[in-house]
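An overview of the molecular structure
The lines below spell out each chain.
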Amino acid sequence: MASRDDILAFAAEYLDVAAYRDYGPMGLQVVGAEKVDKIACGVSASRELFERAGETGPQLVLVHHGLF
């Protein structure tokens, strides 16, 4: 089990998020569980992704294109 905040901090540092400007928000958009056992990944935040993730039980969903 890992901490949500530790995962997000690692990703932000590893990807050097602060070095890139973007038109949309980057980083955490919807606060979920503090402890993470399972992660679901997708390209874009969508209803279908969240419904499928809900069927498999992840505590964290990572996407490239977040919510606008």
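Residues numbered from 1 in each chain as written. Predicted model: local features only at pLDDT ≥ 70, side-chain atom pairs only at ≥ 80, totals over all residues. Heavy atoms only, no water.

1. Examining the overall build of the chain
- A tally of helices and strands in the chain yields two helices and four strands.
- Tracing the chain from N to C terminus, the helices and strands come up as β-α-β-β-α-β.
- If you line up the chain on its principal axes, its C-alpha atoms span 35 × 25 × 15 Å.
- Here the chain holds 68 residues, and the buried ones make up 16% of them.
- Carbon and sulfur atoms form 55% of the exposed surface of the chain, whose accessible area is close to 5,500 Å².
- Charge centroids of the chain, computed over 6 positive and 10 negative side chains, lie 4 Å from each other. (Helix = DSSP H or I, 4+ residues; strand = E, 2+ residues; numbered from the N terminus. Buried < 20%, exposed > 50% of the residue type's maximum accessible area, 1.4 Å probe, protein only. Areas by Shrake-Rupley, 256 points an atom, 1.4 Å probe, with all protein chains shown as cover. Lys, Arg positive; Asp, Glu negative; His and termini not counted. Charge placed at Lys NZ, Arg CZ, Asp CG, Glu CD.)

2. Observations regarding the packing of aromatic side chains
- Counting across every chain of the model gives one aromatic pair.
- When the centroid spacing of 5.6 Å and the interplanar angle of 15 degrees are considered together, the rings of Phe10 and Tyr14 count as stacked. With Phe10 and Tyr14 both in helix 1 (residues 4-14), this residue pair falls four residues apart, about one helical turn. Residue Phe10 shares its accessibility class with Tyr14, and that shared class is exposed. (Phe/Tyr/Trp six-rings, centres within 6.5 Å; stacked < 30°, edge-to-face > 60°.)

3. A short note on the pairing of strand 3 (residues 39-44)
- As defined by bridge partners, strand 3 adjoins strand 4 (residues 60-65) across five bridges and the pair is classed as parallel. Looking at the pairing, Gly42 lines up with Val63 of strand 4.
- Of the crossover connections in this fold, the one passing from strand 3 over helix 2 (residues 47-56) to the parallel strand 4 is right-handed. (Pairing = 2+ DSSP bridges. Right-handed = clockwise from strand over helix to strand, strands pointing away.)

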